[in-house]
Amino acid sequence: MNDSTAIPELDRFLVLFDRLVHFTRDGVAATPADKLEWAPAQGSSVQFGARLSDVTIRALCVHLFVGENKWARALRDCEDGAVIVIPNDPALTAKLGGEDFLDVAMMVHEETMGIFRAFSESELRKSVSFSKRKWSVMGFLWAIFGHHNYHHGNIDIYWRLSDCEAMDYFNFEPKEMA
């Protein structure tokens, strides 16, 4: 495992991403069980392609944890110049299907963080392509952060529409940011 303190941008990413994931987990853990599968509307406008057509709080969480883990493994294992594919892992998705899905999700997150922590500076400079654009691995890590934040926003809207208390985005623990 590499010492990420030698790589300031990776170190900053690790802190912010981990806090965002825990923030999402805390909010979903506080969501009433009957709201985890609730959806305000159904139809083609409430889908994220074929991968996520059942848009609920639970489904969004599963989508996040599966995608982040699959992307982490792909970035770790790829050669310079590789094309990263849309994440799909039916086995991991099924593993996250139980009542304890948040506990399992956090174990998956710890595995994902371990992969991220182990990136060397040269691995972070590798070039990858995803969604018809080129990224450095470090740049793609920030895209993963943005993807998580985007879907946290979707979850936030569901909380508000279902009369659940939404998390205070700027007031979470720990108070100090990276």
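Predicted, not measured: the structure shown is a model, and the values here were computed from it.

1. With respect to unusual backbone geometry
And step 1. Although it is not a glycine, Ser-131 sits at a positive phi angle of roughly 55°.
And step 2. By the element assignment, Ser-131 lies in the loop between strand E2 (127-130) and strand E3 (133-136).
And step 3. Since its relative accessible area comes to 57%, Ser-131 is described here as exposed.
And step 4. Phi is positive for Lys-132, which is not a glycine, with a value near 65°.
And step 5. Along the chain, the position of Lys-132 falls in the loop between E2 and E3.

2. A word on the side chain of Arg-58
And step 1. Turning to its location among the elements, Arg-58 is positioned in helix H2 (residues 57-77).
And step 2. Those residues in contact with Arg-58 that lie beyond four places of it in its chain are Leu-36, Glu-37, Leu-96, Gly-97, Gly-98, Glu-99 and Phe-101.

3. Topic: the sheet that holds E2
And step 1. Read across the open sheet, the three strands follow the order E1-E2-E3; overall the sheet is mixed. Strand pairing shows two members of the sheet lacking a second neighbour, strand E1 (82-83) and E3, which therefore form its edges.
And step 2. Both E2 and E3 contribute to a ladder of four bridges, which runs antiparallel. Its bridge partner being in E3, Ser-129 is matched across the sheet by Lys-134.

The rules behind these values
Residues numbered from 1 in each chain as written. Predicted model: local features only at pLDDT ≥ 70, side-chain atom pairs only at ≥ 80, totals over all residues. Heavy atoms only, no water. Helix = DSSP H or I, 4+ residues; strand = E, 2+ residues; numbered from the N terminus. Buried < 20%, exposed > 50% of the residue type's maximum accessible area, 1.4 Å probe, protein only. Contact = heavy atoms within 4.5 Å. Pairing = 2+ DSSP bridges.

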